[in-house]
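# A closer look at the structure
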Amino acid sequence: MTDSSFPRQLAFVGGGQMASALAGGLVQAGWPAQAILIVEPAASQRSKLESLLGVLTAERADESLRRADVIVWAVKPQVLREAVESIQPFIGTPLHVSIAAGISSEDLAAWTGSRRIVRVMPNTGALVGAGVSGILALDGVTPDDRELVAQILLGTGDSFWVGSDERLDAVTAVSGSGPAYVFHFLEAFQRAAQAHGFDEKQARELVLQTTAGAIAQARSSDTPFGTLRLNVTSKRGTTEAAIATLDAQGTGKALEAAVHAAYVRAGQLAKEFGAARPC
Ligand SMILES: NC(=O)c1ccc[n+]([C@@H]2O[C@H](COP(=O)([O-])OP(=O)(O)OC[C@H]3O[C@@H](n4cnc5c(N)ncnc54)[C@H](OP(=O)(O)O)[C@@H]3O)[C@@H](O)[C@H]2O)c1
């Protein structure tokens, strides 16, 4: 990548783990670190970002924020409105990119007074370059802006565009919260292995390699997951006994209910922290 393909300045508001992952991916892809400013109140986090990535940091926003061509809002949803309001005097006319879960693009448009708004829902896979993000653009976003957002997300894994906040809530429920579902499964699988005589380390390795192998196999073709499962489930065999137990315990239905609960919660968050929140 050449410097000329980059905007002059990219600013993050909030320098937590997701901002670090995004900025780290950009620096690794060749984005000039000195063209990235991260506004982050915690001194320890600022020095970590400076030493690890070589980016510029600031305790609070000031006039220099006006130079930002893109502002990435990377604070918790609970504090996003307050962050926008406190920084408003220093905002020029940037592209706004929010990664805050559950805050609608229309709320961010109202708070910033701009319709050049993109909402991104990443997941923790982004921390290791293996994430998946849903992206939503409001009507003020140009084709160049879209290209820029794709570049910003390049180092974090896959991404795809959706057409509404509701679709982004669904992305939140599936892939945003999804890593926790997988970790929950891994925890139970490891406990089950330990219950059968493996020590913690052996159980962890067995479970991780089994999961990684199954995912690699699923990725190697378009075969439906159900067919892959049936292919390893012999009549009256061990796997059949295990799957019958999972079905009897309703694990598939429980996961469907869990994803739906996350979807409902994403909508509630928008109400709690969005426009409906009393000023
Ligand atoms: N992590 C994920 O997997 C994930 C996935 C999808 C979406 N997201 C979204 O990404 C956003 C950031 O998540 P995260 O996990 O990176 O959170 P985080 O680690 O808590 O980072 C947020 C950072 O912003 C700082 N901050 C708070 N108020 C600020 C302000 N007014 N101005 C500037 N910085 C401020 C916080 O500092 P203090 O700690 O000192 O308050 C903290 O360092 C959230 O909205 C979350 O919904 C995260």
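Residues numbered from 1 in each chain as written. Predicted model: local features only at pLDDT ≥ 70, side-chain atom pairs only at ≥ 80, totals over all residues. Heavy atoms only, no water.

We now examine the side chain of aspartate 165. With respect to the secondary-structure elements, aspartate 165 resides in helix H6 (residues 165–176). Setting aside chain neighbours within four positions, we find aspartate 165 in contact with Ser104, Ser105, Glu106, Arg119 and Leu136. (Helix = DSSP H or I, 4+ residues; strand = E, 2+ residues; numbered from the N terminus. Contact = heavy atoms within 4.5 Å.)

Moving on: the site of the ligand. Looking at the ligand, there are 21 residues lining it, with Met18, Glu40, Val75, Ile99 and Thr124 nearest. The separation between an oxygen atom of the ligand and a polar main-chain atom of isoleucine 99 is 3.5 Å. Within the residue set of the shell around the ligand, elements represented by two or more residues are helix H1 (17–28) and helix H3 (77–87). With 3 residues, H3 is the largest single contributor of residues to the shell around the ligand. Counted by class, the shell around the ligand contains 14 nonpolar, 5 polar and 2 charged residues. (Near = heavy atom within 4 Å. Polar contact = N/O pair within 3.5 Å; in protein donor to acceptor, adjacent residues only side chain to side chain. Nonpolar A, V, L, I, M, F, W, Y, C, P; charged D, E, K, R; others polar.)

Turning next to the pairing of strand S7 (residues 131–137). Judged by how many residues are buried, S7 sits mostly within the fold: 6 of 7 residues are covered. Two elements, strand S6 (residues 117–121) and S7, share 4 bridges in a ladder whose sense is antiparallel. In the strand pairing of S7, valine 120 is matched with isoleucine 135. For the segment spanning S7, helix H5 (residues 143–153) and strand S8 (residues 157–162), crossover handedness is right-handed. (Buried < 20%, exposed > 50% of the residue type's maximum accessible area, 1.4 Å probe, protein only. Pairing = 2+ DSSP bridges. Right-handed = clockwise from strand over helix to strand, strands pointing away.)

As a further point, take the packing of H6 against helix H7 (residues 178–194). In the contact formed by H6 and H7, the axes pass within 5 Å of each other and the chain directions differ by 25°. In terms of orientation, H6 and H7 fall into the roughly parallel class. Here Ala173, Val174, Ser175 and Gly176 of H6 lie close against H7, whose contacting residues are Gly178, Pro179 and Tyr181. Class assignment of the residues belonging to the contact of H6 with H7 gives a composition of 4 nonpolar, 3 polar and no charged. (Axes fitted to C-alpha atoms, helices over the stretch in contact; angles between N-to-C directions. Parallel < 35°, antiparallel > 145°, perpendicular 65-115°, else oblique.)

With respect to topology, 8 strands assemble into an open sheet ordered S3-S2-S1-S4-S5-S6-S7-S8, the strand pairing being mixed. Strands with a single pairing partner mark the edges of an open sheet, and in this sheet they are strand S3 (56–58) and S8. For this sheet, the mean inter-axis angle between neighbouring strands, taken without regard to orientation, is 20°. With 4 bridges joining them, strand S1 (residues 10–13) and strand S4 (residues 70–73) adopt parallel strand pairing. Directly across from leucine 10, in S4, lies its bridge partner valine 70. In this fold H3 packs onto S1, S4 and strand S5 (95–98), with an angle of close to 145° to the strand it touches most, S4.

Let us now look at the pattern of salt bridges. Tallying each qualifying case throughout the model produces 10 salt bridges. Where aspartate 139 meets arginine 115, a salt bridge forms, and the shortest distance between an N and an O atom there is 2.6 Å. Taken together, the residues span a long stretch of sequence, with aspartate 139 in the loop between S7 and H5 and arginine 115 in the loop between helix H4 (105–112) and S6 at a distance of 24 residues. A salt bridge links aspartate 165 to arginine 119; the shortest N-O distance between them is 2.6 Å. Of this pair, aspartate 165 sits in helix H6 while arginine 119 sits in strand S6; the two residues are 46 residues apart in sequence, bridging distant segments of the chain. Each member of the pair, aspartate 165 as well as arginine 119, carries the same accessibility label: buried. Overlapping salt bridges, with partners in common, bring together Glu106, Arg115 and Asp139 in one network. (Salt bridge = Lys/Arg side-chain N within 4 Å of Asp/Glu carboxyl O.)

With domains assigned, the protein chain is organised as domain 1 (3–166) and domain 2 (178–262). Each of domain 1 and domain 2 has a C-alpha centre, and the two are 35 Å apart. (Domains from an automatic or database assignment.)

We now examine the pairing of S1. A regular strand places its side chains on the two faces of the sheet in alternate fashion. Along S1, one buried face is formed by Leu10 and Phe12 and the opposite face, lined by Ala11 and Val13, is buried too. As paired elements, S1 and strand S2 (residues 36–39) share 4 bridges and run parallel to each other. Each residue of the ladder has a partner; that of valine 13, found in S2, is valine 39. Handedness of the S1-H1-S2 crossover: right-handed.

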